[in-house]
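Here is what each chain is made of, one letter per residue.
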Amino acid sequence: MRIPRSRSDIEHLVPGGRDGRRMLWVSFTDKAGSGLWYGTSALYYTFVAGLAPHEIGLLLGVAGAVGVAGTPVAGRVADRVPLTRLLPAVHALRAAAAVGILFTGTLWLLLPIAALGSLGDRSASVLTKLYAARVAGPDRVRYQALQRTVVNIGFGIGGLAAAVALAVGTGTAYRTMLVGDALSFAGAALLVLRCAEPPSPVRVVATAATAGGEPPLSKAPATGPWRDRGYLAYTATEALLFLDDTALNVGLPLWIATATAAPHSLVALLFVLNNVLVVLFQVRLSRLGDEPRRAAASLPLLGLAFLVAGGAMAVSAVDSAGIAVVALVVAATAFTAAEIVHAAISWELSLALAPGRSQGAYLGVHGLAQSAQRSAGPVLLTSAVMAAGPLGWLGLGGALAAVSVGQRTLVRRRLDRLDALERPGAAAPQAPAVPSGTVTVSGVDYGE
């Protein structure tokens, strides 16, 4: 990636103009603060709030369950409310939750506060992605790659500061991290308020209808994503393909500690490797998803990365520290490759397979895939994959490779139907009389 040398270079590099660049600063500010808190939250609840381990588990479990609702709710609201008003409100909610945690030490008061914070976290995630899609337009995949790079840099900086707090180990140090987290949300809200509202497909359709130039797909009433079985099936496969996140953050550390001869210090080094690889290659590999057909064609590459990762994890169980270290480095690299490739593919397809006028609602439902994976993924890996030993990792790699190929078939069929409807002379979609066994999205029959 060429290093920008001037303001014009930067403007060319970042799609979306000034508002696109500002939103990258929003992402950096947000994630730098999140890095402060994620690295110290468990110890804060232990040593500052005085909670027992089972109480911390309950707190995080409840907060995570409530947070799942954030993506579909925020996505649906975003189709009706300007993002530059909705997103600052969500960041303000997150800041208020952080302050509430700071002044609360009772589990039953922390439960609703942490739940609101989790709801805000998941809502902010989908709203930021939606803003990126609207402001970057056709360059949305490259913009998302830049955004992921910035997010990883922010997390890295926040994580380094959190490491300092952990080394100090005082209640004041932990409280300072929480204050920094709250300030980052406040700063992100202020930055969003300086951004202009990007064009929304909902308003474009409404304006065209008013002017008498209504596009064909707007003539039929839009249905929600919950009735679109094709998109729901795509989202279900996404929940499985997001398992690279749990594999890296939960499975890899636990496997190193319990099933390999590798030193435990390797965990920190592999996290650094993951961040470095994402920063170096996310933008370069964004071309894999720069249009829907290419994204679908790249899915077997994702499956190959999962196969290599699963095989390397299985090999790492041998009784040799040297071989285990090499295998774990290969596994971490392969899981990171899966993360990078899937990010480019998923970002493009989650939007390309959704009708423009309901983009927010559809993207909100797609966000449930990541939320579901974060809730069920740790249980799946610890109780099934790791319990089965090396064969469990081989099975996981093979299963995820199969899901990748299956998703390619699903996506291609949906894209073929879209292409057929867009050909000259194709019959205009009709709103009434939808045959049994099909589902209509914005008047378009996608089938199952």
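Because the structure is predicted, anything quoted here is derived from the model rather than measured.

> Mind showing me how you'd approach the overall build of the protein chain here?
In terms of regular secondary structure, the protein chain is built from 18 helices and two strands. The buried share among the 448 residues of the protein chain stands at 50%. Sequence separation of at least 24 residues holds for 83% of the intrachain contacts in the protein chain that already meet a minimum separation of 6.

> So what exactly am I meant to see when it comes to the pattern of salt bridges here?
Pairs can form between side chains of opposite charge whenever their charged atoms are close. By the definition in use, this model includes five salt bridges. Here D121 makes a salt bridge to R94, at a shortest N to O gap of 2.6 Å. One end of the pair, D121, is in helix α7 (residues 107-136); the other, R94, is in helix α6 (residues 83-102), with 27 residues separating them in the sequence. Look at R94 and you get buried, because its relative accessible area is 3%. One network of salt bridges, with partners in common, ties together D30, R94 and D121.

> So what exactly am I meant to see when it comes to helix α8 (residues 140-168) here?
For an α-helix the count is 3.6 residues per turn, leaving residues at separations of three or four pointing the same way. Its 29 residues give α8 an end-to-end C-alpha distance of 42 Å, which sits within 8% of 42 Å, the value for a rise of 1.5 Å per residue. In the stretch just after α8, G169 is the one whose phi turns positive, near 75 degrees.

> Explain the packing of α8 against helix α9 (residues 171-193) here, please?
A pair of packed helices can be characterised by two numbers: the angle between their axes and the separation between those axes. Where α8 meets α9, the axes come as close as 8 Å, and the angle between the chain directions of the two elements is 160 degrees. Looking at the two axes, α8 sits roughly antiparallel to α9. For the pair α8 and α9, the crossing hand works out as left-handed. Along its contact with α8, which presents A161, A162, A165, L166 and V168, the element α9 presents A173, Y174 and M177. In the contact of α8 with α9, the residues fall into eight nonpolar, no polar and no charged.

> Would you take a moment to explain the side chain of T336 for this structure?
Topologically, T336 is positioned in helix α16 (residues 321-352). Dropping the residues within four chain positions of it, T336 is found in contact with L248, N274, L277 and V278.

> Would you mind going over the packing of aromatic side chains with me for this structure?
The description of an aromatic ring pair uses the distance of the two centres, along with the angle that the planes make with each other. In total, this model carries eight aromatic pairs according to the counting rule given. Arranged with centres 5.4 Å apart and planes meeting at 70 degrees, the rings of W37 and Y44 form a pair that is edge-to-face. Taken together, a centroid distance of 4.8 Å and an interplanar angle of 75 degrees make the contact between Y231 and Y362 edge-to-face. Taken together, the residues Y231 in helix α11 (residues 229-241) and Y362 in helix α17 (residues 359-385) connect sequence positions 131 residues apart. Through a chain of ring-to-ring contacts, three or more aromatic side chains come together here, namely W37, Y44 and Y45.

> Just to check I follow, could you spell out a nonpolar patch on the surface for this structure?
Together, L301, L304, L307, V308, V326 and V330 make up a nonpolar patch on the protein surface, roughly 490 Å² of accessible area in all. When contributions to the nonpolar patch are tallied by element, the ones reaching two or more residues are α15 (299-315) and α16. Take the nonpolar patch: its biggest share by element is four residues, from α15. By secondary structure assignment, the location of V330 is in helix α16. With a relative accessible area of 37%, V330 lands in the partly exposed category.

> Help me understand α15 in this model?
When the terminal C-alpha atoms of α15 are compared, their 25 Å separation across 17 residues agrees well with the 24 Å that a helix rising 1.5 Å per residue should span. Taken together, the buried positions of α15 are occupied by L299, L302, G303, A305, F306, A309, G310, A312, M313 and A314.

Rules of the game
Numbering of residues begins from 1 in every chain and follows the order in which that chain's sequence is written. For a predicted model such as this one, the threshold for reporting local features is a pLDDT of at least 70, and the threshold for listing and counting side-chain atom pairs is 80 or more; totals across whole chains, interfaces and linings nevertheless cover every residue. Heavy atoms throughout the structure, all of them, feed into the side-chain values; hydrogens and water do not. Numbering of helices and strands starts at the N terminus; helices are DSSP runs of H or I of at least 4 residues and strands are runs of E of at least 2. Burial status follows relative accessibility: with a 1.4 Å probe on protein chains alone, a residue under 20% of its type maximum counts as buried, one over 50% as exposed, and anything between as partly exposed. Residues are treated as being in contact if the distance between any of their heavy atoms lies within 4.5 Å. Here, a salt bridge means any Lys or Arg side-chain nitrogen found within 4 Å of an Asp or Glu carboxyl oxygen. Take the number of residues in a helix, subtract one, and multiply by 1.5 Å to get its expected span. For helices, the fitted line uses only the C-alpha atoms of the stretch in contact; every axis is such a line through C-alpha atoms, and the angle between N-to-C directions lies from 0 to 180 degrees. Orientation categories follow fixed angle ranges, with anything under 35 degrees roughly parallel, anything over 145 roughly antiparallel, 65 to 115 roughly perpendicular, and all other angles oblique. For any pair of crossing helices, the crossing counts as left-handed if the nearer helix is rotated counterclockwise from the farther one by less than a right angle, and right-handed if it is rotated clockwise. Put simply, Ala, Val, Leu, Ile, Met, Phe, Trp, Tyr, Cys and Pro go in the nonpolar bin, Asp, Glu, Lys and Arg in the charged bin, and everything else, Gly too, in the polar bin. Each Phe, Tyr or Trp ring, with Trp reduced to its six-membered ring, pairs with another whose centre is within 6.5 Å; inter-plane angles below 30 degrees give stacked pairs, above 60 give edge-to-face pairs, and intermediate values give tilted ones. Candidate patch residues must exceed 30% relative accessible area and have no salt bridge, after which like charges are joined if within 9 Å and Val, Leu, Ile, Met, Phe, Trp or Tyr side chains if within 5 Å. Each accessible area is a Shrake-Rupley estimate made with a 1.4 Å probe; only the visible protein chains count as cover when residues are assessed.

Read these as geometric descriptors, not functional statements.
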